[in-house]
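# Structure at a glance
Listed below are the residues making up each chain.
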Amino acid sequence: MRNSRIPNYGIDEYAPASDRYNNVEYRRLAKTGLQLPPVSLGFWHNFGDDKPLQTQRDIVRRAFDLGVNHFDLANNYGPPFGSAEKNFGRILHEDLLPYRDELIISSKAGWDMWPGPYGNGGSRKYLTASLDQSLQRMGLDYVDIFYSHRPDADTDLEETMLALHSAVKAGKALYVGISSYSPEDTMRAQAIMRDLGTPLAIHQPSYSMLNRWVEEGEPNLIETCAREGMGMIVFSPLAQGLLTGRYLHGIPADSRAAAGKSLSHDMLREENLDHVRKLSKIAEQRGQTMAQMAISWVLRDQNGYSVDSALIGASSVKQLEENLKATENLEFSDEEIEQIDQYAVEAGINIWRGATDSTKK
C-alpha cells in the first residue's frame with residue numbers, strides 16, 4: 001500500500017528487470033545478516049533540488065534494474081539540506097514501494113543540519129530528532145541502517161552509542177553503524193554497543209587510491225572492522241571525482257570543483273594530476289576506465305580482508321552503467337598492485353581526516 005504521507009503524482013508504472021539479481025554477487029557484512037551489492041548508490045551529490053527529478057528517477061530505476069538494492073542517504077544531502085531524502089522518498093513511493101522489502105535504505109546524522117546547539121554533533125537529542133525527520137522526509141517507518149555520521153569530541157561516546165541503540169529498540173532502524181571513526185574509537189564504540197545488546201553492523205569511511213587512511217595503523221581500520229564483526233562500505237572511492245580523469249585537461253564547468261563541492265582547486269595540483277595520468281595508463285592496460293579501476297581497487301582482496309561495498313554517485317544513467325562495470329574485473333596481479341602503489345599515494349584530499357578521532361577538537 002502506498003504511504004499516505006507521499007502523494008501519487010501519476011508517474012508511469014515501473015516494473016523492475018526480472019533478472020536484476022542474476023549477475024550480482026552480494027557480500028555479507030561480517031557476522032551480520034546484511035548483504036550488500038559490491039557497488040551501492042550514494043546520494044551525497046546529484047539528488048538535491050538543483051538536479052532534475054526525472055534524471056534522479058532514471059538513475060534510481062536503472063540502478064535497481066542492475067541489482068543495486070542499497071541506497072545511501074544522510075539528513076543534510078542536497079542542496080538544500082534534506083532535499084535528497086525528500087526526492088528519494090518521492091521516487092521510492094512512486095516507483096519502488098512494492099519492493100521495499102528488497103531494499104537497504106540508510107541514513108546518517110552528525111554533520112551540520114540546522115542552526116543551534118542541537119543541529120549537529122553526536123548528542124542523543126540531535127540524532128533522535130534527525131532520524132525522525134529523515135523518516136518523515138522519506139515517508140518511511142524505519143531505515144535499514146542508521147549511522148552516526150562522525151565522532152563528536154564534545155559528546156561522550158556512550159551517549160552517541162545509546163542514541164543508536166535506542167533507534168533500534170524503537171524500531172526506527174534495523175541496523176546501526178558509524179562513519180569516519182578511527183580504529184581506536186571503532187573498538188570503543190563496538191564494546192559499548194555489545195554491552196547494550198546492539199552491536200554495530202557497519203562502518204562507512206572514506207577510501208580511495210589517493211586517500212588510504214583506512215590502511216594505516218596496527219591494526220588498521222579494515223582489520224579492526226573485521227575483528228569487531230563489522231562490515232565496511234566506503235565512500236568517495238573516486239576521490240571526489242579526481243579519479244574519474246575529468247580534471248586532466250582543466251576544470252569542467254559542470255564539475256564538483258567548479259561548484260566548490262568537496263574538491264578544491266588546491267587538490268587539483270599538478271602532482272596529483274600526474275599521478276592520475278599514470279594510474280589511467282594502468283587502467284587502460286587492464287581494459288578499464290580510470291573510474292572502473294579505482295572502484296575495483298577499493299574492493300580488492302587485501303590478504304584476506306576486503307571492503308564489502310563501494311558507494312558511488314551518478315549524474316546520469318550512462319555514468320552509473322559505466323561505473324558498475326568495475327565489478328567485471330576485481331582481480332589485480334602482484335605486478336599491477338606494485339605499479340599502482342607508486343602513484344596511489346596520499347593526495348591531501350581527505351577532508352574528513354580531522355573528524356576521525358573523538359579526542360580531537
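Treat the numbers as computed from the prediction; the structure is a model and nothing was measured.

### A short note on the overall build of the chain
- Along the backbone of the chain there are 11 helices and 10 strands.
- Contacts in the chain between residues far apart in sequence, at least 24 positions, make up 76% of those at least 6 positions apart.
- When the accessible surface of the chain is split by element, carbon and sulfur atoms take 47% of a total near 15200 Å².

### Some points on the confidence of the model for the chain
- Looking at the chain as a whole, the pLDDT averages 91, with 89% of positions reaching at least 70.
- Ignoring residues within four places in sequence, the model shows residues 1-10, a span with pLDDT below 50, making 23 contacts including any to other chains.

### Thoughts on the pattern of salt bridges
- All told, the structure shown has 20 salt bridges when counted by the stated rule.
- For the salt bridge of arginine 61 with aspartate 95, the shortest nitrogen-to-oxygen distance reads 3.1 Å. Remark: aspartate 95 occurs in helix 2 (residues 83-96) and arginine 61 occurs in helix 1 (residues 53-65); sequence separation between them is 34 residues.
- Among the residues examined, arginine 61 registers a relative accessible area of 13% and is labelled buried.
- Of the charged contacts, one joins arginine 194 and glutamate 228 as a salt bridge, the two residues approaching to 2.9 Å between their closest N and O atoms. Here arginine 194 is found in helix 5 (residues 183-196), whereas its partner glutamate 228 is found in the loop between helix 6 (221-227) and strand 9 (231-234), with 34 residues between them in sequence.
- With relative accessibility at 42%, the residue arginine 194 sits in the partly exposed group.
- Connected through salt bridges with shared partners, the residues Arg57, Arg61, Arg90, Glu94 and Asp95 form a single ionic network.

### With respect to helix 3 (residues 124-138)
- With 15 residues, helix 3 extends 21 Å from end C-alpha to end C-alpha; this agrees with the ideal 21 Å at 1.5 Å per step.
- Contacts made by the buried residues of helix 3 are with helix 2, strand 5 (104-109), strand 6 (143-148) and helix 4 (157-169).
- Glycine 139 sits one or two positions beyond helix 3 and adopts a positive phi of about 70°.

### Overview of the layout of surface pockets
- The calculated volume of the second largest pocket comes to roughly 500 Å³.
- Taken together, 22 residues form the lining of the second largest pocket, with Asn23, Val24, Leu66, Leu324 and Thr327 sitting closest to its centre.
- Counting only elements with at least two residues in the lining of the second largest pocket, the list comes to helix 1 and helix 10 (317-324).
- Residues that form the lining of the second largest pocket fall into these classes: 10 nonpolar, three polar and nine charged.

### Considering the environment of aspartate 154
- Looking at where aspartate 154 falls in the secondary structure, it is placed in the loop between strand 6 and helix 4.
- Using a relative accessible area of 63% as the deciding quantity, one classes aspartate 154 as exposed.
- A sequence separation of 31 residues divides aspartate 154 from serine 123, and the C-alpha atoms of the two residues are 8.8 Å apart.

### Here we look at the pairing of strand 3 (residues 39-42)
- Burial of the side chains of strand 3 extends over both faces: Val39 and Leu41 are buried on one face and Ser40 and Gly42 on the other.
- Where strand 3 meets strand 10 (residues 309-312), three bridges bridge the pair, whose relative direction is parallel. Looking at strand 10, one finds that serine 40 is bridged to leucine 311.
- Bridge count for strand 3 against strand 4 (residues 70-72) is two bridges, and the pairing is parallel. Across the sheet, glycine 42 pairs through a bridge with aspartate 72, a residue of strand 4.

### Examining the packing of helix 2 against helix 3
- Close contact between helix 2 and helix 3 brings their axes to 7 Å; oriented N to C, the two are set at 45°. When the axes of helix 2 and helix 3 are compared, the pair comes out oblique. In this structure, helix 2 contributes Glu85, Lys86, Phe88, Gly89, Leu92 and His93 to the contact, and helix 3 contributes Ser134, Arg137 and Met138.
- Classifying every residue of the contact of helix 2 with helix 3 by side-chain character gives three nonpolar, three polar and three charged.

### What to know about unusual backbone geometry
- The peptide bond linking proline 79 to proline 80 adopts the cis configuration, its omega dihedral lying at -10°.
- Tracing the chain through its elements places proline 80 in the loop between strand 4 and helix 2.
- A cis amide bond, omega 0°, links glutamate 218 with the succeeding residue proline 219.
- On the secondary structure map, proline 219 appears in the loop between strand 8 (202-204) and helix 6.

### Quick notes on the packing of aromatic side chains
- Tallied over the full model, the rule gives 10 aromatic pairs.
- When the centroid spacing of 4.0 Å and the interplanar angle of 40° are considered together, the rings of phenylalanine 43 and phenylalanine 47 count as tilted.
- Judged by centre distance (5.6 Å) and plane angle (55°), the ring pair of phenylalanine 71 and phenylalanine 88 falls under tilted. Pair noted here: phenylalanine 71 is in strand 4 and phenylalanine 88 is in helix 2, with a separation of 17 residues, a long-range link.
- The class of phenylalanine 88 is buried, set by a relative accessible area of 1%.
- Ring pairing ties together the aromatic residues Phe43, Phe47, Phe71 and Phe88, which thus form one cluster.
- Over the aromatic face of phenylalanine 332 sits the side chain of arginine 286, whose NZ or CZ is 3.7 Å from the ring centroid.
- Stacked on the ring of tryptophan 297, the Lys or Arg arginine 300 has its end atom at 3.8 Å from the ring centre.

So, how was this worked out
Residues numbered from 1 in each chain as written. Predicted model: local features only at pLDDT ≥ 70, side-chain atom pairs only at ≥ 80, totals over all residues. Heavy atoms only, no water. Helix = DSSP H or I, 4+ residues; strand = E, 2+ residues; numbered from the N terminus. Contact = heavy atoms within 4.5 Å. Areas by Shrake-Rupley, 256 points an atom, 1.4 Å probe, with all protein chains shown as cover. pLDDT = per-residue confidence, 0-100. Salt bridge = Lys/Arg side-chain N within 4 Å of Asp/Glu carboxyl O. Buried < 20%, exposed > 50% of the residue type's maximum accessible area, 1.4 Å probe, protein only. Expected span 1.5 Å × (residues − 1). 1 Å grid on protein atoms, 1.4 Å probe; cavity = no way out; pocket = protein on both sides within 12 Å on 5 of 7 lines; lining within 4 Å. Points joined across faces, edges and corners; volume = space filled by probe spheres on them. Nonpolar A, V, L, I, M, F, W, Y, C, P; charged D, E, K, R; others polar. Pairing = 2+ DSSP bridges. Axes fitted to C-alpha atoms, helices over the stretch in contact; angles between N-to-C directions. Parallel < 35°, antiparallel > 145°, perpendicular 65-115°, else oblique. Phe/Tyr/Trp six-rings, centres within 6.5 Å; stacked < 30°, edge-to-face > 60°. Lys NZ or Arg CZ within 6 Å of the ring centre and 35° of its normal.

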